[in-house]
Amino acid sequence: MAILKIARMGHPVLRQKAEEVADPTAPEIQQLVADMIETMDDAPGTGLAAPQVHVPLRVVVFRVGAHRSTGAPDDQPEALTVLINPILEPQGEEQALDWEGCLSVPGMMGAVPRFTRLRYRGVNEKGEEIDRTVSGFHARVVQHECDHLDGILYPQRLQDLRLFGFSDEMKRAFGGNDDEPDPD
Ligand code: NI
């Protein structure tokens, strides 16, 4: 395993559309997933997408921490999800605004609108199918990570640039709490 270098906003790999994974169970994908988990946990971050470690493939990993889950039946803590070749289907039009950070945009945070309910499908690194309908933070982190696969960083989703700034200043201004999220 290895801790990989994280690409920062401005690097071309973060702007390109990532490729489908032909064989999610291939040895090189196992290695990539293991390295992504180690890199995410070292950062630390809540999630990580392969383009963030300079690999343009449709692979994301994330955790839904107990301190971030809303406790709703479809937003429970999730120890670790490996999601390959994801397909996202928002459920309804409702969106919500909440703070996000990103390991590729270090030291910053912004209030990003996301669909509140989401069905997502894909496979994990064992080739097992994933099909979940989720809400709250779980839905948010999946949308954030999968945006990376289409070359989109959260600042591109901002509707009000006044709600974007350095994390320490924003927490001071908007009363951030101690369990401020790890970046995605
Ligand atoms: Ni991110």
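As shown above, the structure is provided for reference.
As the structure is a computational prediction, the values presented were derived from the model and not from experiment. (Residues numbered from 1 in each chain as written. Predicted model: local features only at pLDDT ≥ 70, side-chain atom pairs only at ≥ 80, totals over all residues. Heavy atoms only, no water.)

**Student:** Looking at this structure, I do not really get the nonpolar core. What am I missing?
**Tutor:** Across soluble globular proteins, nonpolar side chains show a tendency to be buried alongside one another. Counting residues in each nonpolar core, the largest one holds 17 residues, and the members touching the most others are Met36, Leu48, Val59, Val61 and Ile84. At the level of secondary structure, the elements contributing two or more residues to this core comprise α1 (27-42), β2 (59-64) and β3 (78-90). Examining the composition of this core, we find that six residues originate from one element, α1, more than from any other. Not counting residues within four places of it along the chain, the set of residues in contact with methionine 36 comprises Leu48, Ala49, Ala50, Val53, Val59, Val60 and Val61. With 16 residues, the next largest nonpolar core counts Ala49, Leu83, Leu118 and Ile130 among its residues. (Core = buried A, V, L, I, M, F, W, Y, C linked by side-chain atoms within 4.5 Å. Buried < 20%, exposed > 50% of the residue type's maximum accessible area, 1.4 Å probe, protein only. Helix = DSSP H or I, 4+ residues; strand = E, 2+ residues; numbered from the N terminus. Contact = heavy atoms within 4.5 Å.)

**Student:** Looking at this structure, how should I read the pattern of salt bridges?
**Tutor:** It is possible for side chains bearing opposite charge to pair when their charged atoms get close. Following the criterion strictly, the structure yields 13 salt bridges and no others. A salt bridge links glutamate 78 to arginine 132; the nearest nitrogen and oxygen atoms lie 3.6 Å apart. In this pair, glutamate 78 is assigned in strand β3 and arginine 132 in strand β7 (residues 129-135), connecting sequence segments 54 residues apart. When its relative accessible area of 24% is taken as the criterion, arginine 132 is described as partly exposed. (Salt bridge = Lys/Arg side-chain N within 4 Å of Asp/Glu carboxyl O.)

**Student:** Where do I start with the sheet that holds strand β5 (residues 108-115) in this structure?
**Tutor:** Strand order in this open sheet of three strands is β4-β5-β8, and the pairing throughout is antiparallel. Since the sheet does not close on itself, it has two edges, and those belong to β4 (95-100) and β8 (164-166), each with one partner. Within the sheet, the average angular offset between the axes of one strand and its neighbour, ignoring direction, is 25°. Across three bridges, the pairing between β5 and β8 is antiparallel. Across the sheet, glycine 110 pairs through a bridge with phenylalanine 164, a residue of β8. Running over the sheet, helix α2 (residues 136-149) touches β4 and β5 and is turned about 105° from β5. (Pairing = 2+ DSSP bridges. Axes fitted to C-alpha atoms, helices over the stretch in contact; angles between N-to-C directions.)

**Student:** I tried to follow the environment of glutamine 91 on my own but got confused; where do I start?
**Tutor:** Along the chain, glutamine 91 turns up in the loop between β3 and β4. Judged by its relative accessible area of 33%, glutamine 91 is partly exposed. Here the alpha-carbon distance between glutamine 91 and phenylalanine 115, two residues 24 residues apart in the chain, equals 7.7 Å. Every residue in contact with glutamine 91, bar those within four places of it in the chain, is listed here: Arg117, Leu118, Arg119 and Thr133. A polar atom in the side chain of glutamine 91 sits 3.0 Å from the backbone oxygen of glutamate 89. (Polar contact = N/O pair within 3.5 Å; in protein donor to acceptor, adjacent residues only side chain to side chain.)

Everything listed here is a matter of geometry and, on its own, says nothing about what the molecule does.
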